[in-house]
Amino acid sequence: IGGTLGAMVDRAALGGGRRVIEGPRLNDLHGISASEGAPIPRIYGRVKLGGQVIWATEFEEERLVEKRGGTGSKSTGGPAVRTVRYNYFANVAIGIAEGPVNFIRRIWADGEELDLAGVNMRFYTGSEEQEPDPLIVAKQETGDLPGFRGLAYVVLERFPLEKYGNR
């Protein structure tokens, strides 16, 4: 009885024999920047060019907790371990060129071609009639937004950043 009571006091005072492992986190959730006054390219034919960020939100953080191990006592297999990981996502609009643009053949990220199968992306051709993107309207909480008419651009919604070093 004394040993059991002593173990209960130890668990209460010392955290129950549990360990918590925290994964790396971003200190600054801004991360995306743009250059004001950057030129908008006008393209003819097939070209490779970089985009310019025209709108972005702060990164979205997702916290994942994984528990494994015993209950904290020596007789049940050792201390419980709780691992906390963080995943980050970006909502961003990237201006490409003066429109109209018919299509985008490939997108590159960190020197590798991006597999668009798992990416929530919308492409705007740059027509003079295009409306604002629904994500931008929802995040800005107003309907008085530009449709970026005449500008071909893409919107990436909840783009996972883990593969790219959370940047």
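What counts and how
Residues numbered from 1 in each chain as written. Predicted model: local features only at pLDDT ≥ 70, side-chain atom pairs only at ≥ 80, totals over all residues. Heavy atoms only, no water. Phe/Tyr/Trp six-rings, centres within 6.5 Å; stacked < 30°, edge-to-face > 60°. Helix = DSSP H or I, 4+ residues; strand = E, 2+ residues; numbered from the N terminus. Buried < 20%, exposed > 50% of the residue type's maximum accessible area, 1.4 Å probe, protein only. Lys NZ or Arg CZ within 6 Å of the ring centre and 35° of its normal. Core = buried A, V, L, I, M, F, W, Y, C linked by side-chain atoms within 4.5 Å. Contact = heavy atoms within 4.5 Å.

(A) The packing of aromatic side chains, seen in detail. All chains considered together, the criterion is met by two aromatic pairs. On the numbers, 4.7 Å between centres and 15° between planes, the contact of Tyr 124 with Tyr 153 is stacked. Residue Tyr 124 is found in strand 7 (residues 120-124), and its partner Tyr 153 is found in strand 8 (residues 151-160); the two are separated by 29 residues along the sequence. The burial state of Tyr 124 is the same as that of Tyr 153; both residues are buried. Arranged with centres 5.3 Å apart and planes meeting at 75°, the rings of Phe 148 and Tyr 153 form a pair that is edge-to-face. Looking at Phe 148, the relative accessible area reads 22%, which means it is partly exposed. Three or more aromatic residues joined by ring pairs form one cluster here, namely Tyr 124, Phe 148 and Tyr 153. One Lys or Arg, Arg 158, reaches over the ring of Phe 89 and ends 4.0 Å from the middle of that ring.

(B) Examining the nonpolar core more closely. Counting residues in hydrophobic clusters, the biggest one holds 14 residues, and the most contacted among them are Leu 114, Phe 159 and Leu 161. It is strand 4 (residues 80-98) that contributes the most residues to this core, five residues altogether. Sequence-distant contacts of Leu 114, defined by excluding residues within four places in its chain, comprise Ile 107, Trp 108, Val 119, Phe 159 and Tyr 164. Core analysis: the second largest hydrophobic core is formed by seven residues, Ala 93, Tyr 124, Leu 135 and Val 155 among them.

In short, the description is geometric, and any link to function would need to be established separately.
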